[in-house]
Amino acid sequence: MDRKLALNAQLAIAQGHRVEVIEVTDPETRAPVVMAVVDLDTGIRYRRAEDAQTDAARWLGRVLECTVTIGGHGAHTVLTVAPEQQPATGAKAALLGADAAVEAAKAEADRWGGTDRSPEEPPQRIW
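What counts and how
- Counting from 1, residues in each chain are numbered in the order their sequence is written.
- Confidence filtering applies because this is a predicted model: local features only for residues at pLDDT of at least 70, side-chain atom pairs given and counted only at 80 or more, and all residues used for totals across whole chains, interfaces and linings.
- Note that water and hydrogens are dropped before the side-chain values are worked out from all heavy atoms of the structure.
- Two strands are counted as paired when DSSP detects at least two bridges linking them.
- Numbering of helices and strands runs from the N terminus; a helix is a DSSP stretch of H or I covering at least four residues, while a strand is a stretch of E covering at least two.
- Lines fitted to C-alpha atoms define the axes, with helix axes restricted to the stretch in contact, and inter-axis angles between N-to-C directions lie between 0 and 180 degrees.
- Residue exposure (1.4 Å probe, protein chains only): buried if accessible area is under 20% of the type maximum, exposed if over 50%, otherwise partly exposed.
- Here, residues are in contact when the closest pair of their heavy atoms is within 4.5 Å.
- We define the nonpolar core as a collection of buried residues of types Ala, Val, Leu, Ile, Met, Phe, Trp, Tyr and Cys that are connected through side-chain atoms lying within 4.5 Å of one another.

Undergrad: Where do I start with the sheet that holds strand S3 (residues 32-39) in this structure?
TA: Each strand in a sheet pairs with its neighbour through backbone hydrogen bonds, running either in the same direction (parallel) or in the opposite one (antiparallel). The six strands lie next to each other as S1-S6-S5-S2-S3-S4, forming an open sheet whose pairing is antiparallel. The sheet is open, and its two borders are formed by strand S1 (3-7) and strand S4 (45-47), each paired with just one other strand. Each strand of the sheet is rotated relative to its neighbour by a mean of 35°, with strand direction disregarded. Examined bridge by bridge, S1 and strand S6 (residues 76-83) share five bridges and lie antiparallel to one another. If you follow Lys 4 over to S6, its bridge partner there is Thr 80.

Here it is, written out as structure tokens:
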């Protein structure tokens, strides 16, 4: 799913460039806040003056569209980015995903291992 990033800065990133986005979660609104964008094709780094928190989520994507509004007090950029993979939203979400993967693997092992069938009775031996 494409993501639109509205930034209060003027960033000109060409369509098709790969970017790394670093986000933190705002403690009050629980919304993601972009702390930095790195254009991996040119090596240009755009970052906020504030320091990023330790629990920042990093994800990669490809720029589909870049609109830079210039002039006035409302100068900003809107980037449409197609993530290469889903962004990590934190340790809790990662653990939930890991738990789901474990349960799916157990179900698959049970299906292939035959635990859903009752064991065969041993043949009667005559001595």
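Undergrad: Looking at this structure, I do not really get unusual backbone geometry. What am I missing?
TA: Among all residues save glycine, negative phi is the norm, and among peptide bonds the norm is trans. Not every positive phi belongs to a glycine, and Arg 30 is a case in point at roughly 60°. For Arg 30, the location among the structural elements is in the loop between strand S2 (18-25) and S3. Overall, Arg 30 belongs to the exposed group, its relative accessible area being 62%.

Undergrad: Help me understand the environment of Arg 58, please; the structure alone is not making it clear to me.
TA: In this fold, Arg 58 is placed in strand S5 (residues 57-69). Once the C-alpha coordinates of Arg 58 and Glu 20 are considered, the two residues, 38 residues apart in sequence, prove to be 6.8 Å apart. Those residues in contact with Arg 58 that sit more than four places away from it in its chain are Glu 20, Val 21 and Ile 22.

Undergrad: Quick question: what am I supposed to make of the nonpolar core here?
TA: One broad trend across soluble globular proteins is that nonpolar side chains are buried collectively. Leu 5, Leu 7, Leu 11, Ile 13, Val 19, Val 21, Val 34, Val 37, Trp 59, Val 63, Leu 79 and Val 81 form the largest nonpolar core, which has twelve residues in total. Every element with two or more residues in this core is listed here: S1, S2, S3, S5 and S6. Ignoring anything within four residues of it in the chain, the contact list for Val 19 reads Ile 13, Val 37, Val 38, Asp 39, Leu 40, Trp 59, Leu 60, Gly 61, Val 63 and Val 81.

Undergrad: Explanation requested: the pairing of S2 in the structure shown.
TA: The two faces of the sheet receive side chains in turn, since in a regular strand these alternate between them. Counting buried residues in S2 gives six out of eight residues, a clear majority hidden from the surface. Alignment of S2 against S5, held across six bridges, turns out to be antiparallel. The residue of S5 that forms the bridge with Val 19 is Gly 61. Between S2 and S3, which pair antiparallel and follow one another directly, the connecting turn spans six residues, one of which, Arg 30, has a positive phi of 60°.

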